[in-house]
Amino acid sequence: MNNILLNLNEDGTLGLLAKLLQAVRVRFSAPLSITLSNRELRFRRFKDFKFSMAPRTAVPALRFNTLCAHTRAELESEASTIHTLEQQLGRILEEHQRHGIPCKVLLKKLGVRMFSKDHDWRAIFEQLGNARGVRDIYTRLALSTYLKYLASRQEVIRQVIDLGRSTVQPTQPLPADKTAFAPDRSTVIFNAGETAEKAQDPSLCRLPQGEAVFIRLENGEEISIRLAKVHFSLSHDEDWSLRADNGRCYTLRAGVNSVGRGRDNDISVAPDLRTVSRKHLLAEPLGLHGILLTDVSSCGTYIPTAAMA
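Along every chain, residues carry numbers that run from 1 in the direction the sequence is written. Local features in this predicted model are restricted to residues of pLDDT 70 or higher, and side-chain atom pairs are both shown and tallied only at a pLDDT of 80 or more, whereas totals for entire chains, interfaces and linings draw on every residue. With hydrogens and water set aside, each side-chain value is computed from the structure's full complement of heavy atoms.

## What to know about the confidence of the model for the chain
Put simply, the rule is: pLDDT is a per-residue confidence score from the predictor, ranging from 0 to 100. A run of DSSP states H or I qualifies as a helix once it reaches four residues; a run of E qualifies as a strand once it reaches two. Both are numbered from the N-terminal end. Contacts were defined at the residue level, with two residues in contact if any of their heavy atoms lie within 4.5 Å.
For the chain, the average pLDDT comes to 79, and 78% of its residues sit at 70 or higher. Within the chain, no element has a lower average pLDDT than strand β4 (residues 188-190), which sits at 31, and none a higher one than strand β11 (residues 257-260), at 94. Here residues 1-11 is a poorly scored stretch, pLDDT under 50, and it has twelve contacts once near neighbours within four places are set aside; other chains count. Per-residue pLDDT stays below 50 along residues 165-199; that stretch engages in 80 contacts with residues further than four places along the chain or on separate chains.

## Quick look at the packing of aromatic side chains
Note the threshold: Between the rings of Phe, Tyr and Trp (Trp by its six-membered ring), a pair exists once the centres lie within 6.5 Å; its type follows the angle of the planes, with under 30 degrees stacked, over 60 edge-to-face, and the other angles tilted. Only protein chains enter the accessibility calculation, which uses a 1.4 Å probe. A residue is then buried if its area is under 20% of the maximum for its type, exposed if over 50%, and partly exposed in between. Counted as over-ring charges are cases with an Arg CZ or a Lys NZ within 6 Å of the ring centre that also lie within 35 degrees of the ring normal.
Overall, the coordinates contain nine aromatic pairs when judged by the stated rule. Between the aromatic rings of F46 and Y138, the centroid separation amounts to 5.3 Å while the plane-to-plane angle is 80 degrees, which identifies the pairing as edge-to-face. Separated by 92 residues along the polypeptide, F46 in helix α3 (residues 46-53) and Y138 in helix α8 (residues 136-162) bring together distant segments of the chain. Ring geometry for F115 against Y146: centres 4.9 Å apart, planes inclined by 75 degrees, an arrangement best described as edge-to-face. A residue pair is termed long-range when its members are at least 10 positions apart, and F115 in the loop between α6 (103-110) and α7 (121-130) and Y146 in helix α8 qualify at 31 residues. Note on accessibility: F115 and Y146 belong to one class, buried. Of the aromatic side chains, those joined through ring pairs into one cluster are F115, W121, F125, Y146 and Y149. Across from the ring centre of Y302, 4.7 Å away, lies the NZ or CZ of R226, which sits over that ring.

## Things to note about helix α4 (residues 61-68)
Taken across its eight residues, α4 has six buried, putting it largely inside the fold. Buried within α4 are the following residues: R63, F64, N65, T66, L67 and C68.

## Some words on the nonpolar core
Let me state the cut-off plainly: Among the buried residues, those of types Ala, Val, Leu, Ile, Met, Phe, Trp, Tyr and Cys that are joined through side-chain atoms within 4.5 Å form a nonpolar core.
F49, L89 and Y146 are the most contacted members of the largest nonpolar core, which has 46 residues in total. Mapped by element, the contributors of at least two residues to this core are β1 (32-36), β2 (39-43), α3, α4, α5 (72-99), α6, α7 and α8. If you tally residues by element for this core, the top one is α8, at 13 residues.

Here's what the structure looks like:
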């Protein structure tokens, strides 16, 4: 039996088998019940909950209207606040992957007031934190989806700044909004800024923020990836490695490797690569042919579209 497990681990199948068993356990777990806008929602299956979370990654129309009324300084301050929150949530994902600490436990230490009331996000996390018998995979999914919402919000802020619309007045009176995450309830108009990036280079796609993605490479194979605007190559021969476009090579050890500009990372890239986040990517080799990549940045990680197949 040990030999079988060893062989599974060597070709990366053990990680996939563990995910399959986890999915089976989730399928037969107790239903999740949460109340949003005085309406009780019951999710008997995990995929139903995932389907319900998917539309919540976009920025509401009134939120965009409010942002257009802000000054450039206010927009930059809000972008900085969101970036700090993205880093905090990214550390939660890292602690979970490294040490198996439930995301639910780590989120409780931060509290729910950090979450926006857009799309009832604050109510969702509050009820997930208080629910009993709910598997952590629900909290992890909500967390990764919320990171996509924050990425959408950052993209809209960048668009408003780039278009020089920070002084445009809203088309209708809106209540004063002095906080970065104040409530509003309206329809959705903006999605994450992945489409524009794809249009510039259709051969690349952006990794979903906060979600571990399995990439398979044959021995000796190499693919090009981007951390924000910085080009790297990912390869493995005897070891898995990242090579920057300046020629510097970084070896990925067994287990979870954090990559970014911060000195506390396992792989600390040059500090002058300003578009790379302080904590940008989690990379976990799973054997000879597979690796898990988790984007925890605000500027995105891009890999060849073919590698996602």
